[in-house]
Amino acid sequence: MMPKVKLWGLTKSKWWEHLLRFVFGGLVTVGAGLVAQKWGPHVGGLFLAFPSILPASLTLVKRHDGRSQAVHDARGARIGAAAMAVFALTVVALVGRSGGLALAIAGVVWLAASVLGWFLVYGRGPRDAA
Amino acid sequence: MVVEMIVRFALGGALVWLFSLIGEAFETKTFSGLFGAAPSVAIATLGLALGKKGAEYVGTEARMMAFACVALFAYTSACALIAQKKGMPVWLGAALSYAVWLALALGPYAIARKAGLFG
């Protein structure tokens, strides 16, 4: 099943749900910075792959679309997580030479790897119900 | 210090919100799920660290992040499994799955550190 863009989906969330995601994201980013400050870049780096927004995100999907859709959302996040490793390795490879540009390139690589991964897993079969 | 925290909070919050918004625009939930594991916190944190600490520091953080992605993959798999259990609230399953992330991210690190791999 091909991914479908439905802009009305953006109207599902209430204002406080948007605020919740913003606050969650902000707090986790501050937390990741504090961890790196206290324990150094090794432990700090681990927390860059901390599942920050996923619990809130899954809870909201369950609330709006039901349990089975929350399961599908978590399955999709698995592919995003695998692509995140590609993001990190791209940063490792490029940051010495390209500086800030490495982050932008790694972001594009993450998106490409995620979409490619999704098509490889779900693009051909009806494994996703919606 | 306070200003840096505020910048960190605003940048991280905005990126996480933006990626979640992109995810919500897709009806196919496995596809929108991709954006639940977007590197939003990493982009904000590494971007700020690059300006302050330099490329070597950012390279070290990114290398460790790549290892922790194994833990993130296991975490999302645990969430997908537990979310199928009808009696279990989804938020509780996601919260319990943090144990998987902590074990797989911090466990190997603690062992490697004890073995002297991090000096």
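Here, every reference points to the structure presented above.
Quick summary incoming for the structure in this document. Small disclaimer: the values here were computed from a predicted structure and weren't measured. (Residues numbered from 1 in each chain as written. Chains lettered and ligands numbered in written order. Predicted model: local features only at pLDDT ≥ 70, side-chain atom pairs only at ≥ 80, totals over all residues. Heavy atoms only, no water.)

1. Some thoughts on helix 6 (residues 98-114) of chain B
A rise of 1.5 Å per residue sets the reference length of helix 6 of chain B, with its 17 residues, at 24 Å; its end C-alpha atoms lie 23 Å apart and thus fit the reference within 8%. If you look at helix 6 of chain B, its biggest bend is around 25°, right at L106 of chain B, and the proline P108 of chain B turns up within four residues after that. When helix 6 of chain B is considered as a whole, its buried residues turn out to be W101, A105, Y109 and A112 of chain B. Considering only its buried residues, helix 6 of chain B is in contact with helix 1 (15-46) of chain A together with helix 4 (55-82) of chain B. With its phi angle positive at about 85°, G116 of chain B sits one or two positions after the end of helix 6 of chain B. (Helix = DSSP H or I, 4+ residues; strand = E, 2+ residues; numbered from the N terminus. Expected span 1.5 Å × (residues − 1). Bend = angle between axes of the 7 residues up to and from the residue. Buried < 20%, exposed > 50% of the residue type's maximum accessible area, 1.4 Å probe, protein only. Contact = heavy atoms within 4.5 Å.)

2. Regarding the interface of chain A and chain B
Taken together, the contact pairs 81 residues of chain A with 72 residues of chain B. Roughly 6900 Å² is buried in total at the junction of chain A and chain B, and carbon and sulfur atoms are behind 76% of that figure. It is L46, L48 and R67 of chain A that lose the most area in chain A upon contact with chain B, and together they represent 11% of the buried surface on that side. A salt bridge links R21 of chain A to E24 of chain B; its shortest N-O distance comes to 2.8 Å. There are 10 residue pairs in polar contact (both at pLDDT 80 or more) connecting chain A and chain B. Broken down by secondary-structure element, the contributors of at least two residues to the side of chain A that touches chain B are helix 1, helix 2 (54-65), helix 3 (67-98) and helix 4 (100-122) of chain A. Considering each element in turn, the side of chain A that touches chain B owes the most residues, 24 residues, to helix 3 of chain A. For the side of chain A that touches chain B, a count of residues per class yields 49 nonpolar, 22 polar and 10 charged. (Buried area = accessible area lost by both parts, 1.4 Å probe. Salt bridge = Lys/Arg side-chain N within 4 Å of Asp/Glu carboxyl O. Polar contact = N/O pair within 3.5 Å; in protein donor to acceptor, adjacent residues only side chain to side chain. Nonpolar A, V, L, I, M, F, W, Y, C, P; charged D, E, K, R; others polar.)

3. Structural notes on a nonpolar patch on the surface
Residues and elements named next belong to chain A. A surface patch of nonpolar side chains, about 670 Å² in accessible area, is lined by W15, W16, L19, L20, V23, F24 and L27. Tracing the backbone through its elements, the reader meets F24 in helix 1. The class for F24 is partly exposed, based on a relative accessible area of 31%. (Patch = residues over 30% accessible without salt bridge, like charges linked within 9 Å, V, L, I, M, F, W, Y side chains within 5 Å. Areas by Shrake-Rupley, 256 points an atom, 1.4 Å probe, with all protein chains shown as cover.)

4. A word on the side chain of T45 of chain B
Residue position: T45 of chain B is located in helix 3 (residues 40-53). Not counting residues within four places of it along the chain, the set of residues in contact with T45 of chain B comprises T29, A32 and L48 of chain A together with R8 and E61 of chain B.

5. Regarding the side chain of S20 of chain B
Within the secondary structure, S20 of chain B is located in helix 1 (residues 2-24). Only 2.7 Å separates the side chain of S20 of chain B from the backbone oxygen of W17 of chain B, close enough to count as a polar contact.

6. A few points about the pattern of salt bridges
The final tally for this structure, using the stated rule, is 5 salt bridges over all chains. For R63 of chain A, the salt bridge goes to E17 of chain A, with nearest N and O atoms at 3.3 Å. Here the residue R63 of chain A occupies a position in helix 2, and E17 of chain A occupies one in helix 1, the gap between them amounting to 46 residues. Among the ionic pairs, E4 of chain B bridges to R8 of chain B, the shortest N-O distance being 3.0 Å. Within this pair, E4 of chain B and its partner R8 of chain B are both found in helix 1, separated by 4 residues, close to a single helical turn. With a relative accessible area of 25%, E4 of chain B lands in the partly exposed category. When its relative accessible area of 8% is taken as the criterion, R8 of chain B is described as buried. Residues joined in a network through salt bridges with shared partners are E4, R8 and K52 of chain B.

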